[in-house]
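# Results of the structural survey
The primary structure of each chain is shown beneath.
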Amino acid sequence: MSVVRVVDPDVDGLRTAGALLRAGGLVAFPTETVYGLGAHALDPVAVARVFAAKGRPADNPLIVHLATAAELPQVAAEVTPLARALAATFWPGPLTLVLPAVPELPSVTTGGLSTVAVRVPDHPVATAVLAEAGVPVAAPSANRSGRPSPTSAAHVVADLGAAVDLVVDGGDTPLGIESTVVDARGSRPVVLREGSVTREDLGMVAEVDAHVAAHGAGPTASPGTRYRHYAPTCTVVLAAPGTAGAHAARLHEDGMRVGLVATEVAPDGVVGIARFHDAVDLARRLYATLRDAEDAGVAVLVVEAVPEQGVGRAVMDRLRRAADGA
Ligand code: TXA
Ligand code: MG
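Residues numbered from 1 in each chain as written. Chains lettered and ligands numbered in written order. Predicted model: local features only at pLDDT ≥ 70, side-chain atom pairs only at ≥ 80, totals over all residues. Heavy atoms only, no water.

### Points about the site of ligand 1
Surrounding ligand 1, one finds 25 residues, the nearest of these being Thr33, Asn60, His65, Ser179 and Gly224. Here Ser179 contributes a side-chain N or O atom positioned 2.5 Å from an oxygen atom of ligand 1. Notes on ligand 1: free accessible area 690 Å², of which the protein chains cover 98%. For the shell around ligand 1, the secondary-structure elements that each account for two or more residues are strand E4 (63-65), strand E6 (115-119) and strand E10 (190-193). Broken down by element, the residue count for the shell around ligand 1 peaks at 3 residues, all from E6. Of the residues assigned to the shell around ligand 1, the class counts are 12 nonpolar, 9 polar and 4 charged. (Near = heavy atom within 4 Å. Polar contact = N/O pair within 3.5 Å; in protein donor to acceptor, adjacent residues only side chain to side chain. Areas by Shrake-Rupley, 256 points an atom, 1.4 Å probe, with all protein chains shown as cover. Helix = DSSP H or I, 4+ residues; strand = E, 2+ residues; numbered from the N terminus. Nonpolar A, V, L, I, M, F, W, Y, C, P; charged D, E, K, R; others polar.)

Structure representation (structure tokens):
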């Protein structure tokens, strides 16, 4: 049985990661949001291996990662004034811009679309890996398709094992929720996927086009939002603030093994999976929490809802899809 190589982000580890990426290998590395599974974005064979390793549908395109914004013309055929303004404000950072793609980008990377999704991550290990690679790196979240996104190297190893050539271990990722995907081809940002850059943040640069919801089924919606992201082995139930503990206790009394993720302490008999203070804290720990609930063998996981503002919108988006698979 082959075993995946996990390395520290030291000089040797980073050099190996860069060389592997240039040569068509698969390298998982941390970003400020979640771990990415990287491959040379211009190498169709390498990118095809990413889809195979994840079990990802071929029509769900990948985000291309760059070390610096100066490399944007390598993948985007046109950089709109809106994209320029958003990049100047939020890069490096958890904002992905959808722009017209250059023809050199293989269609396997773009899922056959004429656009490319691109971002400059804000994590020292990601930046170093990308700089060592010296090429644009396509990197979806480094989970098996249908699993929670990985926020630690251990999650990557658990999901992908030897399908990855190298995992660079940079510890837990600081934000925990994926980047915000924005169509930046027009004059207003259209949010295709809610994420770590909030609508409020975007609004400081340009008025957000409110007409297209993140879940919009139209052709502009982010293809990945059509798929159920997470098929939990437990049922996820959302409860209004102040009601989660009592709700969990009732289910426990009905004879179920129940887990709780809430701002309050778990009542007797209920498995306390995680206690959080606010939406930012829950965002950071959400995916690990879902994995922990599965490991704890709970049948039902009661999660306290957070207000739909700021990053709370992205958290509730992920939770709703975990809860009902919409
Ligand atoms: O934070 C993140 O974005 C992480 C880290 C690793 O950077 N990456 C990530 O990638 O979440 P992934 O593949 O799990 O999600 C990419 C999302 C999907 O919903 C995909 O459909 C969408 O971006 N996307 C990619 N290319 C697109 C395009 N050309 N137009 C619209 N949506 C696109
Ligand atoms: Mg993903």
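After that view, the rundown keeps rolling.
### Comments concerning the side chain of Asn143
As for its position among the elements, Asn143 is in the loop between strand E7 (137-138) and helix H6 (153-160). Since its relative accessible area comes to 4%, Asn143 is described here as buried. Here the side chain of Asn143 touches Arg147 through a polar contact of 3.0 Å, landing on its backbone oxygen. With residues up to four places along the chain from it excluded, the contact list for Asn143 reads Lys54, Pro148, Ser149, Pro150, Asp159, Leu160 and Arg291. (Buried < 20%, exposed > 50% of the residue type's maximum accessible area, 1.4 Å probe, protein only. Contact = heavy atoms within 4.5 Å.)

### Thoughts on the nonpolar core
Core analysis: the largest hydrophobic core is formed by 48 residues, its most contacted members being Leu37, Leu72, Leu86, Trp91, Leu95, Leu97 and Leu202. Mapped by element, the contributors of at least two residues to this core are strand E3 (35-40), helix H2 (44-54), helix H3 (81-90), strand E5 (95-100), E6 and H6. Residue contacts for Leu97: discarding those within four places in its chain leaves Ala83, Leu86, Ala87, Trp91, Val116, Ala117, Val118, Val182 and Ala184. Counting 27 residues, the second-largest nonpolar core is a separate cluster that includes Ile273, Leu301, Ala314 and Met316. (Core = buried A, V, L, I, M, F, W, Y, C linked by side-chain atoms within 4.5 Å.)

Purely geometric numbers; function is a separate question.
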